[in-house]
Amino acid sequence: MASSRDAILATVRAAKVPQAARPEPFRAGIRYADPLKQFGESLAAVGGKMIVAPDADSARAQLLENPLLVPGKKNCSLLPEIIAPTFSLDDIADPHEVEDVWLAVLPGEFAVAENAAVWFSGRRLKHRVVPFITQHLVLVVPRDQVVNNMHEAYDRLKFGTVEFGVFISGPSKTADIEQSLVIGAHGARSLSVVMLG
Amino acid sequence: MTGHPTRAAEFIALPQRAAWHDQSLWFVRAKRDKAAKAIPEWESLRDAAAAIKAHTVANLADYLEEFERNAKKLGAVVHWARDAAEHNAIVLKILSDHNVKRVVKSKSMLTEECHLNPHLEAAGIEVVDTDLGERIVQLANERPSHIVLPCIHKKKEEIGELFHEHLGTDAGASDPQYLTEAARGHLRDRFLKAGAGLTGVNFAIAETGGFVVCTNEGNADLGVSLPPIHIACMGIEKLIPKAAELGVFLRLLARSATGQAITTYSSHFHGPRAGCELHIVLVDNGRSTVLGQDDFRRSLNCIRCGACMNTCPVYRRSGGHSYNATVPGPIGSILEPARDPAKHASLPHACSLCGSCSDVCPVKINIHEQLLIWRRELVKKGLLPLTKRWAMSIGSAVLQRPWLYQMVGGMGRMALKLLPRFLVYSRLNPWGKQRELPTPPKQSFRDQFKARHGK
Amino acid sequence: MSNMVGDFGTTGNVSRLSLLATFSIATGNAPPLTRARDLPGFGGSTSFVHRSTSPIPSSGRPSIVPRVGLFIPCYIDQMYPDVGFATVEVLERLGVTVEFPEAQTCCGQPMANTGCTEAAAPLARRFVEIFEPYDAVVCPSGSCVAMVRAHYHEYFHHDPRYDALRPKVFELCEYLVDVLKVDKLPVRFPHKVGLHQSCHGLRELRLGSSSETIVAPFNKAKQLLELIDGLELVDPARPDECCGFGGTFAVSEEAVSCLMGHDRIADHLQAGAEVMTATDMSCLMHLDGLIRRDKQPLRCMHIAELLAGRPV
């Protein structure tokens with residue numbers, strides 16, 4: 001008997017679907033006069049906070065204005081110049097051990113103006129659970145790395161190696177109970193995006 | 001007709017509930033409108049999405065092979081399942097092989113379609129749905145009434161009672177913030193204890209062998225980033241050729257679904273975590289048959305955004321459970337009869353053919369036209385009640401003969417005039433239950449036209 | 001915009017009909033109620049079939065008089081004859097003489113929408129036979145026109161007779177706007193009116209932009225209503241939600257159908273409407289039935305009745 005794989009592929013091939021050309025890449029994405037400003041507005045609309053900082057010191061000072069982000073609890077940081085980590089993630093073998101991380105400070109590669117998404121690549125992060133399990137998340141993006149829309153975003157992304165990456169737009173949320181928006185469903189309860197530089 | 005009309009009437013019997021349900025979903029539709037209007041290129045995005053899907057399904061076998069090849073290269077294990085039973089068996093075997101007893105699952109309509117949970121539970125495995133809405137219906141022992149908003153039919157007070165019973169929240173508490181916080185604590189525990197994480201797949205990319213999962217809560221990511229096994233279940237129609245095309249679909253998906261510009265998390269999985277396993281289960285379960293049907297092929301474009309439900313005036317007023325189906329609402333009324341026409345024979349008729357679903361659909365499925373075609377299929381399969389078929393045949397016979405039509409029309413008008421009210425508005429006349437019939441004129445248009453124009 | 005819509009509309013044939021309207025008014029055949037837009041002369045060959053020609057004496061120029069067939073849906077014929085006459089009056093005042101082919105009965109939509117193709121097919125064939133001699137067919141129902149234009153393919157696979165007729169079948173408002181280019185309607189209707197957007201006209205004929213689509217807004221029925229003196233259009237909160245008639249749906253899904261209708265009525269009432277109008281009498285029959293049962297302070301009138309200047 002044919003394997004399920006072969007059986008499915010045979011049925012799919014037998015369907016004789018009329019040919020249709022692959023459309024040209026979509027180029028008509030919305031553009032903004034000031035993508036950074038638009039990003040800030042989009043982020044505010046999804047419950048996140050944009051912090052524009054010329055340097056690490058300014059970023060830290062502004063972050064610490066939020067009492068929730070005051071270090072002292074368990075911090076995981078890949079950007080020690082902004083917030084110092086309280087432990088070394090690389091020394092941890094089992095991701096369950098980061099369950100009690102309070103604050104995670106991670107680098108975002110670029111930001112998308114239309115929807116407040118920040119691309120985070122797990123390449124440098126030993127445990128990919130960190131941005132999701134932390135109570136509060138800070139993503140730090142170079143200020144000049146803001147694209148207008150998702151088409152421009154994917155133009156920048158290359159896949160093909162073993163890698164985890166995620167667009168994060170705002171803190172975790174749900175509206176499953178009577179459409180009431182609640183911030184902090186399973187993931188981070190707050191998201192700050194530092195636009196650095 | 002039994003089926004949807006009966007269940008819908010039961011839902012409407014509580015008029016306040018039906019009005020509340022309608023307004024809740026209309027609110028989502030309004031948010032969708034606002035989000036779509038913010039994108040001037042919206043209609044061309046829809047065109048692009050439909051074109052990409054048309055191209056993909058025309059070359060689906062090739063793209064499936066390409067996807068498999070690339071996914072394996074990245075270290076994933078790829079499984080193929082012809083039907084629900086095979087899918088369930090594959091998942092169970094992966095779990096049994098690793099002696100997994102607890103599974104956390106993020107939203108996957110495919111596993112609902114395959115009835116995976118009872119299959120795993122029968123084997124002694126605890127399955128916890130981790131999407132808040134899905135967890136609520138799971139605790140209530142119900143099925144989701146909406147594919148994006150699984151417990152949209154439930155009042156917060158009911159959820160409060162459910163949580164009081166199962167999670168020990170305060171009696172009488174119904175504040176969504178409080179209840180969500182309780183669920184967060186409860187589910188964190190399950191995430192930490194799970195031996196495997198299950199997810200659905202929103203889009204799989206042939207060119208890279210990766211796939212994307214979209215959530216707002218972060219439950220998919222928590223679920224698969226702690227345990228050593230990630231099982232991703234997907235219908236074979238979830239494929240797209242290139243990663244760049246995600247731009248088109250991610251822009252449409254959340255805006256159509258909830259009016260968000262994008263979901264909070266759009267996670268791109270390429271290969272397993274170091275030292276862990278990634279299993280991808282490709283499921284047919286009737287999709288390849290639909291692929292061969294010119295009339296219904298476009299239903300495979302569906303990206304499960306739920307916009308057709310939010311806009312459907314029937315769905316909003318009859319509730320998702322009235323469809324008695326895994327996928328309710330307009331798109332479900334196409335997908336479900338394809339699997340079991342007799343069971344779902346009333347669904348293509350649970351529609352006033354208003355066409356709002358087709359206009360709202362981000363991938364341009366001609367939903368209301370397919371529902372109409374389904375009605376023809378039901379007649380061909382002998383699944384339209386005989387009385388209706390006879391009525392239509394007799395009607396046609398009359399209407400093919402102008403003299404007979406004129407005579408019957410005249411008699412009808414006369415009868416309406418002469419018959420006593422209790423006879424006209426009897427139980428046999430569903431029209432008259434809540435509505436008056438029109439007041440019949442003495443003469444038809446044609447009679448008067450002839451008289452006036454002297455012909 | 002949508003592939004549901006045919007490629008008819010403001011083509012060459014348009015000017016010829018408009019021209020006729022102008023000439024007819026000049027001859028005094030009809031009260032000079034409107035002035036058609038300046039028109040290009042005859043020229044080029046168009047898709048219009050000239051079966052009957054007649055000179056227009058006062059102009060001194062020979063003209064081609066298009067034959068316009070009136071398509072009156074069966075339920076309007078039997079139950080709402082005045083909607084038919086309002087249609088005739090509107091057209092005649094604009095100089096269009098209509099013929100009513102008496103062999104017509106029904107387009108077959110009730111059968112088709114129930115899935116009974118075999119019962120619908122002979123009615124579709126009759127329709128094409130009866131109306132193919134006409135240069136234009138006008139009908140005061142978006143739904144019945146949608147049946148002919150959007151759903152007859154099922155019965156006529158590439159049949160040239162149907163293909164020739166299809167672009168010549170018009171819903172009343174689109175005929176007035178697209179073909180006759182009406183821009184004046186000296187009738188008076190000093191009332192607050194809610195326009196119920198009947199679905200098939202809206203989403204299959206594209207008489208207007210639907211609220212789901214992100215396009216530049218347009219609405220042919222509204223465009224005409226705005227020409228009526230004293231008429232004040234009110235805006236329901238949901239601009240184009242279905243009323244729940246839906247043909248046999250009104251009976252088979254009685255509970256949902258009536259709730260949908262009640263909701264539309266409530267929406268128009270809260271918007272301040274005194275009169276609810278629509279391009280389809282079937283929607284209004286359903287709504288009026290609910291209104292009369294509940295004794296609501298709202299009247300239902302077909303748009304042809306408003307365009308013809310009927311009082312409330």
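Scope of this entry: the structure provided in the associated data block.

About the thresholds
Residues numbered from 1 in each chain as written. Chains lettered and ligands numbered in written order. Predicted model: local features only at pLDDT ≥ 70, side-chain atom pairs only at ≥ 80, totals over all residues. Heavy atoms only, no water. Helix = DSSP H or I, 4+ residues; strand = E, 2+ residues; numbered from the N terminus. Contact = heavy atoms within 4.5 Å. Areas by Shrake-Rupley, 256 points an atom, 1.4 Å probe, with all protein chains shown as cover. Lys, Arg positive; Asp, Glu negative; His and termini not counted. Charge placed at Lys NZ, Arg CZ, Asp CG, Glu CD. Buried area = accessible area lost by both parts, 1.4 Å probe. Salt bridge = Lys/Arg side-chain N within 4 Å of Asp/Glu carboxyl O. Polar contact = N/O pair within 3.5 Å; in protein donor to acceptor, adjacent residues only side chain to side chain. Nonpolar A, V, L, I, M, F, W, Y, C, P; charged D, E, K, R; others polar. Buried < 20%, exposed > 50% of the residue type's maximum accessible area, 1.4 Å probe, protein only. Pairing = 2+ DSSP bridges. Expected span 1.5 Å × (residues − 1). Axes fitted to C-alpha atoms, helices over the stretch in contact; angles between N-to-C directions. Phe/Tyr/Trp six-rings, centres within 6.5 Å; stacked < 30°, edge-to-face > 60°. Lys NZ or Arg CZ within 6 Å of the ring centre and 35° of its normal. Parallel < 35°, antiparallel > 145°, perpendicular 65-115°, else oblique.

Focus on the overall build of chain A
Of regular secondary structure, chain A possesses 5 helices and 11 strands. Its C-alpha atoms give chain A principal-axis dimensions of about 65 × 45 × 40 Å. Within chain A, residue pairs in contact and separated by at least 24 positions form 71% of the contacts whose partners lie at least 6 positions apart. When the accessible area of chain A is evaluated, it comes to approximately 8200 Å², of which 54% is carbon and sulfur surface. Looking at charge distribution, chain A has the averaged site of its 20 positive side-chain charges lying 6 Å from that of its 22 negative ones.

Thoughts on the arrangement of the chains
A comparison of contact numbers over the 2 pairs of chains in contact places chains A and B at the top. For the non-touching pair chain A and chain C, the nearest C-alpha separation works out to 14 Å.

Observations regarding the interface of chain B and chain C
Residue-level contacts link 79 residues of chain B with 72 residues of chain C. Buried surface at the junction of chain B and chain C, both sides included, amounts to about 6600 Å², of which 59% is carbon and sulfur. Considering only the surface of chain B that becomes buried against chain C, Gln-434, Arg-435 and Phe-445 of chain B emerge as the three largest contributors, covering 12% of it. The interface formed by chain B and chain C contains 12 salt bridges. A salt bridge links Glu-102 of chain C to Lys-450 of chain B; its shortest N-O distance comes to 3.5 Å. Where chain B touches chain C, the interface holds 37 residue pairs in polar contact (both at pLDDT 80 or more). It is helix α2 (residues 15-37) of chain B that provides the largest number of residues to the side of chain B that touches chain C, a total of 9 residues. Here the side of chain B that touches chain C is built from residues that sort into 33 nonpolar, 22 polar and 24 charged.

Topic: the pairing of strand β5 (residues 118-121) of chain A
All names here are of chain A. In β5, alternate side chains face the same way, and those of Val-118 and Phe-120 on one face and Trp-119 and Ser-121 on the other are all buried. Examined bridge by bridge, strand β4 (residues 110-112) and β5 share 2 bridges and lie antiparallel to one another. Residue pairing in the sheet places Ala-111 in a bridge with Val-118 of β5. The antiparallel pairing of β4 with β5 creates a hairpin that spans 5 residues between the two strands, and Ala-116 there sits at a positive phi of about 65°. As defined by bridge partners, β5 adjoins strand β8 (residues 163-168) across 4 bridges and the pair is classed as antiparallel. Looking at the pairing, Ser-121 lines up with Gly-165 of β8.

Concerning helix α13 (residues 281-294) of chain C
Residues and elements named next belong to chain C. If you check α13, its first and last C-alpha atoms are 19 Å apart, about what 14 residues at 1.5 Å a residue would give, namely 20 Å. Summarising burial for α13: 11 of the 14 residues are buried, a large majority. Of all the residues in α13, the buried ones are Met-281, Ser-282, Cys-283, Leu-284, Met-285, His-286, Leu-287, Asp-288, Gly-289, Leu-290 and Ile-291. Looking one or two places after α13, you find Lys-295, whose phi comes out positive at around 50°.

Things to note about the sheet that holds strand β6 (residues 136-142) of chain A
Residue and element names in this part refer to chain A. In space, the 5 strands of this open sheet follow the order β1-β11-β6-β3-β2, with parallel pairing throughout. Only two strands of the sheet have a single partner each, and these edge strands are β1 (49-53) and β2 (75-77). Adjacent strand axes in the sheet meet at a mean angle of 15° when their direction is disregarded. Summarising the sheet, β1 and strand β11 (residues 190-196) pair through 5 bridges and their orientation is parallel. What sits directly across from Ile-51, in β11, is Val-194.

Regarding the environment of Phe-203 of chain B
Residues and elements named next belong to chain B. Checked against the element boundaries, Phe-203 lands in strand β5 (residues 203-205). Residues Phe-203 and Cys-214 lie 11 residues apart in sequence; the distance between their C-alpha atoms is 9.1 Å. Look past the residues within four positions of Phe-203 in its chain and what remains in contact with it is Gly-210, Phe-211, Val-212, Lys-238, Ile-240, Leu-246, Phe-249, Leu-250, Leu-253 and Ile-303.

Comments concerning the packing of aromatic side chains
For the structure shown, the criterion picks out 26 aromatic pairs over all chains. Geometrically, the ring pair formed by Phe-71 of chain C and Phe-131 of chain C is tilted, given 5.7 Å between the ring centres and 55° between the ring planes. In this pair, Phe-71 of chain C is assigned in the loop between β3 (68-70) and α2 (74-79) and Phe-131 of chain C in helix α5 (residues 117-131), connecting sequence segments 60 residues apart. Here Phe-71 of chain C and Phe-131 of chain C have matching classes, each one buried. Members of the aromatic cluster, joined through ring pairs, are Phe-71, Phe-127, Phe-131, Tyr-134, Tyr-152, Tyr-155, Phe-156 and Tyr-162 of chain C. Residue placement shows Arg-421 of chain B over the ring face of Tyr-425 of chain B; its charged tip is 4.1 Å from the ring centre. Sitting over the face of the ring of Tyr-134 of chain C, Arg-67 of chain C holds its NZ or CZ atom 4.6 Å from the ring centroid.

Some thoughts on the sheet that holds strand β8 (residues 192-196) of chain C
All names here are of chain C. In space, the 4 strands of this open sheet follow the order β10-β8-β11-β12, with parallel pairing throughout. For this open sheet the edge positions go to β10 (232-234) and β12 (299-302), each flanked by a neighbour on one side alone. On average, adjacent strands in this sheet sit at an angle of 40° to one another, irrespective of strand direction. Note: strand β11 (residues 275-278) against β12, 4 bridges, orientation parallel. Along β12, the bridge assignment pairs Met-276 with Cys-300.

Topic: the packing of helix α3 (residues 81-93) of chain C against helix α8 (residues 172-179) of chain C
Helix packing geometry: the angle between the two helix axes and the distance between the axes. All names here are of chain C. For the pair α3 and α8, the least separation of the axes is 11 Å and the interaxial angle reads 10°. Put simply, α3 runs roughly parallel to α8. Residues Thr-87, Val-90 and Leu-91 of α3 touch α8, and the partners they reach there are Leu-172, Tyr-175 and Leu-176. Classifying every residue of the contact of α3 with α8 by side-chain character gives 5 nonpolar, 1 polar and no charged.

Description of the interface of chain B and chain A
Taken residue by residue, the interface counts 97 residues in chain B and 67 residues in chain A. Summed over both sides, the interface of chain B with chain A buries roughly 6800 Å², with 60% coming from carbon and sulfur. Scanning the region where chain B abuts chain A turns up 7 salt bridges. Here Arg-13 of chain A and Asp-62 of chain B are joined by a salt bridge, their closest N and O atoms 2.7 Å apart. Applying the counting criterion to the chain B and chain A interface returns 34 residue pairs in polar contact (both at pLDDT 80 or more). A total of 10 residues in the side of chain B that touches chain A trace back to one element, the largest contributor, which is helix α10 (residues 176-193) of chain B. Taken together, the residues of the side of chain B that touches chain A sort by class into 49 nonpolar, 24 polar and 24 charged. Bridge count between β8 of chain A and strand β9 (residues 265-270) of chain B: 6 bridges; the pairing is antiparallel. When the sheet's bridge partners are listed, Gly-165 of chain A is paired in β9 of chain B with His-268 of chain B.

By themselves, these observations are geometric and do not establish any function.
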